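One letter stands for each residue in the lines below.
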Amino acid sequence: MSILTSFVFTAALVCSLAATAIADGKITGTVDAKPSKFLKDTIVYIKSVPNTKLTARSVELDQKGMEFIPHLVLIAVGDTVKFQNHDPVDHNVMSHDAGYDLGTWGPGHVSEHQFKAEGVFAQVCKIHPEMLAYVFVGQNRFAAIIDDKGNFTIDGVPDGTHELAVWNPKLKASSQKVTISASPATVKFSLSR
Amino acid sequence: MRRLVNIIIVLGMVGLTGHAGAVPAFARKYKTTCITCHTIFPKLTPFGEQFRRNGYRFPGIDSDSTKAEPVPLGTDEQKKTFPDSVWPGILSPFPPLAFGFNGQAIFHPDKKSSAGAADNHAVANFDTLVEEGHLWAAGSLDDTITFFSELTASRTEGIDVETAALYFNDLVGPAHAVNLAAGRRIGTYTSFQSHSSYFTDLMMPRVPVTGLYGATSDPFVFNDNHNSIEVNGVLADRFDYAVGLAAGTNVDARNSANFYGHVGYKLGGSTLDGEHTNGIPQDLAHEQSITLDAFVYRSISRFNDAMDPPVLTKDTSVTFGGTIRAQREELELDAGVFHQTDDHASSTAPSTTTWSQWDEVSYLVFPWLVVGGRVEYLRITPEGASTLSDLRISPGVVALIRPNLKLILTAPLEQATGRPAAGWGTAGLDAAPADTASNLSLELESIQLQLWAAF
């Protein structure tokens, strides 16, 4: 290995490590809500990250115990959701937001749908109208569901300034600009009608 | 010192007996105490009046304030697919029921008084110690449709659906501007709840003119529970209105075609609908307001006059009146008057003109103790005959033993100038002159101790 080759290799390694360090950016924060009982089901996400390249994934959304499990699904554009039925009764999957009715099927059936656009798409069962789930489709994978206390963490955020937004089925809050640096960025959202 | 002066003023004034309106089902739904909406039930606080006026909903969006989370009958997502899906609703997580009972012990210091004579000159009468039982159901079908019903079982009058109504709120325009109430209920004739007296059943006295003349045992009274459809609302937070059609009382298939209207305006204090309060407290302690309102009611009542053989009689009645409520923190004055004409108080009677006037003053000494009283004056003038009148003065004290248990002590005094053919009793009065032309000077009728419980 020549000195030049060694230099180039070392430089590439340093650059790679540096890039990895930058992509370790962290955003933490809290969300509160008025009324507080609507705090759950809140998603915090980065609206857009330039030059995002995603590898498509497949995520399961089960119908079990007369519920959609999980209630919130976080995916990115191009991902596929596998709808399953583990109940002993028929179920249906329909989304007015996404503009489809996947049909009605019995126990054990699996149906798939690929989400090609960003947005939040409510999923309902026409047979059991109390069943509800939301599929959140982001431009990227930098999104988190808050915990019971309203806390959230988004890891691996690339360097730069991003627009951080929050989604809740009933409440709203303005998005915020967040700049990623060495220490974790801390953000607070207050949701209201 | 001001409190003492107020007490003295109030004690110088005037009561009767009560009915109910407190609904613990709401306390369960919102997980809040009765005194959020009531001072001493069923009397409502300014916030309680807003809740009632908004169709039994909290200001803003009702479901924001519910703490007993309902069973969803579908999700909001279904609204997007309507009419291909059923519009979603909610179900209370528990039966939206509440129970209660009331009664009274009556004492006659003067056994020779009219009320004492009616009780066979007994010193005490406990026959009505438990007089009524109540079953309430109240709640929401969603954020805009609510319901309220009351089934009353009376020891003497059997079981009656007093109230059963649906409230379709916020139909068009701004919140609270246009609502529809349909069912059996007392119409909106004033800006406040009808059961808003501390001392008696209704703030506005019932005057069954055809009953006073003995024409019928089931006389029509406009301010009673009737099957009705009413459009009401609050505009610009401080102006309220109502127009309605009511079935009234009939003995044949013809509709009575009763109709009524009401307007009211509140000056000062919190708003009528609880919106846009701009930080103004909505509790009694901060209320300084005057509310003025007016109403008109036109009715046709058909009944079989108590003749032998019975005579089918048609009475057309027109009533108009108004009330005022002045509130200065814990001190409140209510006054009202209505004028009513009846063209056939009985099949043989001429037309009658009736004036009813009432005043009630109350002071909340402590959050659990009210002193005050009522004055009721009733005057009837049959065409071409002498005027008959009755004056009733009822000082009283009301104590809230627990948020859902109360005692009322009243001592009604009464005098009368003459009496109608069937006596004053049909109007809930005690005075019993010897004959229609005799007078009765002021006498203490009784001391009444009432017990009310709701749970």
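Owing to the predicted nature of the structure, the values given are computational and were not obtained by experimental measurement.

**Remarks on the overall build of chain B**
At step 1: Across its full length, chain B holds six helices and 21 strands.
At step 2: Expected size for 455 residues packed as a compact globule is a radius of gyration near 23 Å; at 22 Å, chain B falls within 12% of this value.
At step 3: Among the 455 residues that make up chain B, the fraction classed as buried is 48%.

**Here we look at the confidence of the model for chain B**
Residue and element names in this part refer to chain B.
At step 1: Summarising the model, chain B shows a mean pLDDT of 90, and 94% of its residues fall at 70 or more.
At step 2: Confidence, expressed as mean pLDDT per element, reaches its minimum in chain B at helix α1 (residues 2-11) with 41 and its maximum at strand β19 (residues 413-417) with 98.
At step 3: Predicted as a complex, the structure gets a pTM of 0.85 and an ipTM equal to 0.70.

**Details of unusual backbone geometry**
Residue and element names in this part refer to chain B.
At step 1: P42 follows F41 through a cis peptide bond whose omega is 5 degrees.
At step 2: By the element assignment, P42 lies in the loop between α2 (24-30) and α3 (46-53).
At step 3: Here F82 and P83 are connected by a cis peptide whose omega angle stands at 15 degrees.
At step 4: For P83, the location among the structural elements is in the loop between α4 (78-81) and β2 (89-91).
At step 5: For H176, which is not glycine, the phi torsion reads 75 degrees and is therefore positive.
At step 6: Inspection of the secondary structure assignment puts H176 in the loop between β7 (158-168) and β8 (179-185).
At step 7: Overall, H176 belongs to the buried group, with 25 C-beta atoms counted inside 10 Å.

**Examining the sheet that holds strand β13 (residues 151-157) of chain A**
Residue and element names in this part refer to chain A.
At step 1: Pairing is mixed in the open sheet, where three strands are placed in the order β13-β1-β16. Whereas interior strands pair on both sides, the edge strands pair on one side only; in this sheet they are β13 and β16 (185-191). For this sheet, the mean inter-axis angle between neighbouring strands, taken without regard to orientation, is 20 degrees.
At step 2: Sheet topology note: the strand β1 (residues 25-33)/β16 ladder contains seven bridges and is parallel. What sits directly across from G29, in β16, is V187.

**What to know about α3 of chain B**
Residues and elements named next belong to chain B.
At step 1: Most of α3 sits out of view: eight of its eight residues are buried.
At step 2: Among all positions in α3, only P46, F47, G48, E49, Q50, F51, R52 and R53 are buried.
At step 3: Close packing links the buried residues of α3 with β9 (226-235) and β10 (239-246).
At step 4: Looking one or two residues past α3, G55 carries a phi angle of roughly 75 degrees, positive in sign.

**Let's talk about the sheet that holds strand β12 (residues 143-145) of chain A**
Residues and elements named next belong to chain A.
At step 1: Spatial ordering of the open sheet is given by β12-β2-β14-β15, a layout of four strands whose pairing is antiparallel. Strands at the two margins of the open sheet, each flanked by one partner only, are β12 and β15 (176-180). Looking at each pair of strands side by side, their axes are set apart by 25 degrees on average, direction ignored.
At step 2: By the bridge criterion, three bridges tie strand β2 (residues 43-46) to β12 in an arrangement that is antiparallel. By the bridge assignment for β12, Y45 is matched with A143.

**Some points on the nonpolar core**
All names here are of chain B.
At step 1: In terms of nonpolar packing, the biggest core is built from 33 residues, with V23, A25, I40, A138, V370 and V398 touching the most fellow members.
At step 2: Listing elements by their share of this core, those giving two or more residues are α2, α3, β5 (132-140), β7, β15 (352-366), β16 (369-382) and β17 (388-402).
At step 3: Not counting residues within four places of it along the chain, the set of residues in contact with A138 comprises V23, A25, F26, Y56, P96, F147 and F148.
At step 4: Counting residues in each nonpolar core, the second largest holds 30 residues, with M204, Y297, W358 and L388 among its members.

**A few points about the environment of L171 of chain B**
Residues and elements named next belong to chain B.
At step 1: The residue L171 is located in the loop between β7 and β8 in this model.
At step 2: Using a count of 12 C-beta atoms within 10 Å as the deciding quantity, one classes L171 as exposed.
At step 3: Separated by 71 residues in sequence, L171 and A242 have C-alpha atoms that sit 14 Å apart.
At step 4: Apart from the residues lying within four places of it in its own chain, the contact partners of L171 are V178, N179 and L180.

Parameters and conventions
Residues numbered from 1 in each chain as written. Chains lettered and ligands numbered in written order. Predicted model: local features only at pLDDT ≥ 70, side-chain atom pairs only at ≥ 80, totals over all residues. Helix = DSSP H or I, 4+ residues; strand = E, 2+ residues; numbered from the N terminus. Rg over C-alpha atoms; globule rule 2.2 N^0.38 Å. Buried ≥ 20, exposed ≤ 12 C-beta atoms within 10 Å, placed from the backbone. pLDDT = per-residue confidence, 0-100. Pairing = 2+ DSSP bridges. Axes fitted to C-alpha atoms, helices over the stretch in contact; angles between N-to-C directions. Contact = placed C-beta atoms within 7 Å. Core = buried A, V, L, I, M, F, W, Y, C linked by C-beta atoms within 7 Å.

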